[in-house]
Amino acid sequence: YDFYTFSVGQSAEAFDVTVTPSSGDPDLYLTSNASFPDRYNWEWRSTGAAGEVVRVTLTDPDACVPCTYRIAVYAWTPNVRYSVTATSVKGTRLLNEGAAAPAKAETGKYRFFRYFVRSMEDIELILTDFSGNPSLFTWFNRNPTANKSLDPNEAVPSNALSSERPSGPETIVLDAGARSDCKLPCTLYAAVRAESNASFSLLITQHPSLAIQLVDGQPQAMTIHTPTGERRFTFDAAEVKDGGVGFSLAAFAGSPKMVVSYARADGRVSLTGDAANPVRIEACTPSCANVRFTVVVSGGQSEFAITAKTARSVQLLQDRTPLRGQAAPGTASLYKVDVPSEAANAVLAITVLQGRLDVVLEGSEYSPYTNLTASSTEPLSLPLVPGAMNRVSIGAPRSQQRPSSFVLLPILSSNSTLVVTDGQPAAVAVSPNSVERFQFLSPAGAAVALTASPSGLTTKASISLVARFESDNHTLTEAKRGNDGEMLFMFLTAPERAICEVYCLLSIELSASAAANVTLTASTLGAVTQLSLDQPVAGEVVGANEAERMRQYVVLLDPNDDKDDELTLDLQVCSSRPSKAALYMSDKVQPSSAFLVSDAGSPPKPLNVGPSTLRGLSKLFVGVGAVGSIEYVLEARYASTPASSSLLSPGEGSVKMKLHRGDEPHMEISFRSTGATRYELYFGRKESETREQFKYWCGVQKRGSVFKTLTFTQTSKSDVVHTDIFLSERADGTICVAGDENVCLPHGEDLTLVLVATVPRANDRARHVLYQPFDFVYHRGGGGPSAFVILILILLFACLGYAGCWVAKRKMQGDHVGADKETWGAFSGETGTLMRGAAARTSAFAKYCYNAALSGFSWSRSKIRDARSRHVAGTRTRGNESMSAPLT
């Protein structure tokens, strides 16, 4: 034990005692009586991991003022190093550079901090939010607690710098311009306001080369501001055994990468990882004592949170921030979520990327345990206990031979904004008549692909997706709504740097007509996207060189599951020509043009990958390339699972259509039934690529508009269905659906139409079966001359012109011109002679062309015969040559 005392004055309303470990796991005990506390005698305590915080309010029956409180810090693990701080709620806590200060604040309340500035380097403040929505403010020289009568809102100057994002870390950088009020030495003050009950840590740095000390199990947010910048961290472990030490990254923006290095008896070891690949150092043999790990994070401009965790510690999860993790077979990792008392509907969303999970929830210290399971086809939304520190154990079954991979996403408020990580799918439970909000940071000018795929609870849910880039002078919004069980995809381009600097904030809203589990994926060019089985993902290829034109994906497999030893890869091209696309695959490294296994052709063929390639694999790498730019949807599915959409062959998928005009205009359609009861007729302007894109469901969604939805009570497969679409015709000839004047075909334009059948599947998304697209051209009846009439008019004007020229010529020659037999006889005679001469010349020219063609054909035949004779003779003389023989 270490013991301390803290005296509280009469004016105090509440105070916090905080223990921040730099290594090991200390526990905190507190008492207000005359004896020091211990593990068995205490009035307040905190015995979790990742730091301890005890708040004492004067309304507590055990609290007293003025009096002296006694503090005990107990070393739960060996070799504990820590700092201890006691701060009144209305006081200002001193910050030390490079040491994160954890704290809590209630809704609408402030916590104040101060830092002594002794040099003129840039100052950076980083707020890491654990729960709730804290906002950050900072200024120089004006003590916010000097005047006790001031309301905290008045204590923060109006010219204070601020960061008030709805979710994710808050960062403020004070450069030379922002430090103009600082005359060395000076004091920097900071305030954190809780927009809702919040827990957080605040870190200050002034020297970029300083290594930040990580706290066991506690996330630390950080920003890399330049393309070549890096951040350094250290982590001290008293002993590396019983599961080792793990390092994980949560990427809010960009693609950060980490290198973890440490020294052991046989030399220094370095391991690499990123947001999709945590680093785990297994136990040393023999065990390592007092190990210092060095972590360097680089990879260009990015925002991230890094966590170091020993096997025995409990990792703190951040509200609305996804965390990627792994569990080895037969082992479990411990996590905790600080759930505010008002978070009645708090859940932990668990997305399994590979394998299966055993999940155990302990809502509070004395609550019973809840045991559940989750898998890649059964995502889990785990209810959490409000007003408690929820502890969750995530483990992999011992029967597995490979680790399980997963993503954890705490959602503590129904109106909170969730963070989406580039390329990582996030499964959330969406309630009817509610909106789930997300935020995604995209590099300026980057192409962003969004995919929302419903699954699980019901196929009757139709989902809606709204995406918005918004800044001071620029707004870009796109919205889509799907049918029951339908996947939605969306392509957007972030504004340029002149509008949103390095990163642009994309706000996403997701809603559903019925309760459903929805998997949301957002990805930018350059990110390696997780491709979950049976979950289509949208993507876009842009750029001028091959490196830019390649989109990378990874499919996680279970080496012990025979089901994923046979997969099919489907590529749908939504824009541009399908012949521009190519599909790549590799079982060892990220794919490139060296691993071309299928060029898409027109249309792209599904790629079947069998057991000879996949058996025993844990990862399959997939790439999509293109000549030019394309938008597409990629799906990796079990071979036994039907494709989410398919195109019928010309024989089965032909559609016959006839337009009838008159008193009752209608469109007569006949087609062969797929057995579905719902069909939709889409149309689009006929352009060079429309017909090819209408062979894919995503292309229909991209370019098509619904003209008419057809429903039938029952149809048998292969039956020929005849139906009529009754129409109304406007005065200008525009054709509309009868009874709905808002649904019309563009008048006077060539169109391409396609019929789409919606085929329901039990407990899964509906399939879309596309018929062969066909072209359609119509004109208003009587509204314009036909081609035949135009030809007759051209001939008539030609005859009149010839007659006029003949009369003018005859007058100029002084010959008789009049309406009599003499003039008519001269006209008919000269015209007949002219026509006979033209016919003779045409006949001679035709005979000449016929003879020339015969001569050319005979010459070509003889040349081809000679060439074949020479080739056969030459082949026979080289019968002993081989591919490996040298050329002579």
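Read on for a plain summary of the structure.

Criteria and cut-off values
- Residues numbered from 1 in each chain as written.
- Predicted model: local features only at pLDDT ≥ 70, side-chain atom pairs only at ≥ 80, totals over all residues.
- Heavy atoms only, no water.
- Helix = DSSP H or I, 4+ residues; strand = E, 2+ residues; numbered from the N terminus.
- Buried < 20%, exposed > 50% of the residue type's maximum accessible area, 1.4 Å probe, protein only.
- Contact = heavy atoms within 4.5 Å.
- Core = buried A, V, L, I, M, F, W, Y, C linked by side-chain atoms within 4.5 Å.
- Pairing = 2+ DSSP bridges.
- Axes fitted to C-alpha atoms, helices over the stretch in contact; angles between N-to-C directions.
- Salt bridge = Lys/Arg side-chain N within 4 Å of Asp/Glu carboxyl O.
- Disulfide = S-S within 2.5 Å.

### Overview of the side chain of Thr234
Next, step 1: Its location among the elements puts Thr234 in strand S19 (residues 231-240).
Next, step 2: We classify Thr234 as buried; its relative accessible area is 10%.
Next, step 3: Leave out the neighbours within four places in its chain, and Thr234 touches Ala211, Ile212, Gln213, Leu214, Arg292 and Phe293.

### Things to note about unusual backbone geometry
Next, step 1: Here the residue pair Leu184 and Pro185 is connected by a cis peptide bond, since its omega of -15° sits within 30 degrees of zero.
Next, step 2: Tracing the backbone through its elements, the reader meets Pro185 in the loop between strand S14 (170-174) and strand S15 (186-194).
Next, step 3: Even without being glycine, Asp534 reaches a positive phi, approximately 65°.
Next, step 4: Structurally, the position occupied by Asp534 is in the loop between strand S44 (528-530) and strand S45 (537-541).
Next, step 5: What makes Asp534 buried here is its relative accessible area of 16%.

### Overview of the nonpolar core
Next, step 1: Counting residues in hydrophobic clusters, the biggest one holds 33 residues, and the most contacted among them are Val428, Phe438, Leu450, Leu465, Leu506, Ile508 and Leu510.
Next, step 2: Residue contributions to this core peak at five residues, all from strand S42 (residues 503-512).
Next, step 3: For Leu450, the contacting residues outside a window of four places in its chain are Leu465, Ala467, Leu488, Phe489, Met490, Leu492, Leu506, Ile508, Thr521, Ala522 and Ala538.

### Section: the sheet that holds strand S9 (residues 101-105)
Next, step 1: Spatially, S9-S16-S11-S14 is the arrangement adopted by the four strands of the open sheet, whose pairing is antiparallel. Where the open sheet ends on each side, the last strands, each with one partner, are S9 and S14. Looking at each pair of strands side by side, their axes are set apart by 20° on average, direction ignored.
Next, step 2: In the sheet, strand S11 (residues 123-131) pairs with S14 via five bridges, with the strands oriented antiparallel. Pairing of Leu125 across the sheet is with Ile172, part of S14.

### Points about the pattern of salt bridges
Next, step 1: Evaluation of the coordinates by the stated rule reveals 16 salt bridges.
Next, step 2: Two residues, Asp16 and Arg111, come together in a salt bridge whose shortest N-O distance is 2.3 Å. Highlighted residues: Asp16 in strand S2 (residues 14-23) and Arg111 in strand S10 (residues 110-117), separated in sequence by 95 residues.
Next, step 3: A relative accessible area of 3% means that Arg111 is categorised as buried.
Next, step 4: Taking the shortest distance from any N to any O, the salt bridge between Lys695 and Glu692 comes out at 3.5 Å.
Next, step 5: When its relative accessible area of 17% is taken as the criterion, Lys695 is described as buried.

### Regarding the state of the cysteines
Next, step 1: Scanning the entire structure with this criterion turns up four disulfides.
Next, step 2: Covalent S-S linkage joins Cys64 and Cys67, the inter-sulfur distance amounting to 1.9 Å. Across the disulfide from Cys64 to Cys67, rotation about the S-S bond amounts to roughly 90°, and the bridge is consequently right-handed.
Next, step 3: Using a relative accessible area of 24% as the deciding quantity, one classes Cys64 as partly exposed.

### Quick look at the environment of Gly818
Next, step 1: Residue position: Gly818 is located in the loop between helix H6 (787-812) and helix H7 (821-877).
Next, step 2: A residue is classified by how much of its surface remains accessible, and Gly818, at 28% relative accessible area, is partly exposed.
Next, step 3: It is 9.5 Å that separates the C-alpha atoms of Gly818 and Val807, two residues lying 11 residues apart in sequence.

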